[in-house]
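Summary of structural features
Residues per chain, in single letters:
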Amino acid sequence: MEIWINPACSKCRSAISLLDAEGAEYTVRRYLEDVPGEDEIRAVLERLGLEPWDITRTQEADAKELGMKDWARDEASRDRWVKALAEHPKLIQRPIITADDGSAVIGRTEDAVRDALSR
């Protein structure tokens, strides 16, 4: 499995601690440095079963500056959202854990991380 993290994020650090405590094998991706492209974001969204606006941190300064809160949340606007996430990775909700079975979860809670471990 792989986990996308921002080391400054307490939820990311908690998820890593839990993975370590469970002896999980995983790869860390510091997604602010190793920025995912649009295709990678689309693939992760498919694995999550979510839309780009579902994983966007709309309270971040970049999102407010872009006016994302007012963007349409429909199929026609999907590419605009994905492009914004690729250009401003800080807006991506974290941590994202891609499980070995091809699924993914947003690991903000202990239960979500355990869910990824069980796959």
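So, how was this worked out
- Residues numbered from 1 in each chain as written.
- Predicted model: local features only at pLDDT ≥ 70, side-chain atom pairs only at ≥ 80, totals over all residues.
- Heavy atoms only, no water.
- Buried < 20%, exposed > 50% of the residue type's maximum accessible area, 1.4 Å probe, protein only.
- Helix = DSSP H or I, 4+ residues; strand = E, 2+ residues; numbered from the N terminus.
- Arc of directions from axis to C-beta.
- Contact = heavy atoms within 4.5 Å.
- Salt bridge = Lys/Arg side-chain N within 4 Å of Asp/Glu carboxyl O.
- Disulfide = S-S within 2.5 Å.
- Phe/Tyr/Trp six-rings, centres within 6.5 Å; stacked < 30°, edge-to-face > 60°.
- Lys NZ or Arg CZ within 6 Å of the ring centre and 35° of its normal.

Within helix H2 (residues 38-48), burial applies to Ile41, Val44, Leu45 and Leu48. Buried residues of H2, viewed axially, fall in a sector of 105°; they line one side. Opposite its buried face, H2 presents the exposed residues Asp39 and Glu46, each directed more than 90 degrees away. Lining the buried residues of H2 we find strand E1 (2-5), helix H4 (78-87), strand E3 (96-98) and strand E4 (104-106). Where H2 terminates, the next one or two residues include Gly49, which has phi positive at roughly 75°.

Glancing now at unusual backbone geometry. Put simply, Arg94 and Pro95 share a cis peptide bond, and its omega is -10°. Inspection of the secondary structure puts Pro95 in the loop between H4 and E3.

Oppositely charged side chains are able to pair whenever their charged atoms sit close together. Scanning the model with the defined rule gives eleven salt bridges in all. A salt bridge links Arg114 to Glu22, with the nearest nitrogen and oxygen atoms 3.1 Å apart. Placement of the pair is Arg114 in helix H5 (residues 110-117) and Glu22 in the loop between helix H1 (10-21) and strand E2 (27-30), with a sequence separation of 92 residues. Among the ionic pairs, Asp34 bridges to Arg29, the shortest N-O distance being 3.4 Å. Using a relative accessible area of 7% as the deciding quantity, one classes Arg29 as buried.

What follows covers the state of the cysteines. Per the counting criterion, the structure on display carries zero disulfides. Unpaired in terms of disulfides, Cys12 finds its nearest cysteine sulfur in Cys9, a separation of 3.5 Å. Overall, the relative accessible area of 1% leaves Cys12 in the buried class.

Think of a pair of aromatic rings as described by two things: how far the centres are apart, and how the planes are tilted against each other in angle. Per the counting criterion, the structure on display carries three aromatic pairs. For the pair Trp71 and Trp81, a centre-to-centre distance of 5.4 Å together with 80° between the ring planes defines the contact as edge-to-face. Residue Trp71 is found in the loop between helix H3 (61-66) and H4, and its partner Trp81 is found in helix H4; the two are separated by ten residues along the sequence. Taken individually, Trp71 and Trp81 each receive the classification buried, so the pair is uniform in this respect. An aromatic cluster is defined as three or more aromatic residues linked by ring pairs; in this entry it consists of Trp53, Trp71 and Trp81. Positioned above the aromatic ring of Trp71 is the side chain of Arg80, whose terminal nitrogen or guanidinium carbon lies 3.8 Å from the ring centre.

Function cannot be inferred from these measures alone, as they are strictly geometric.
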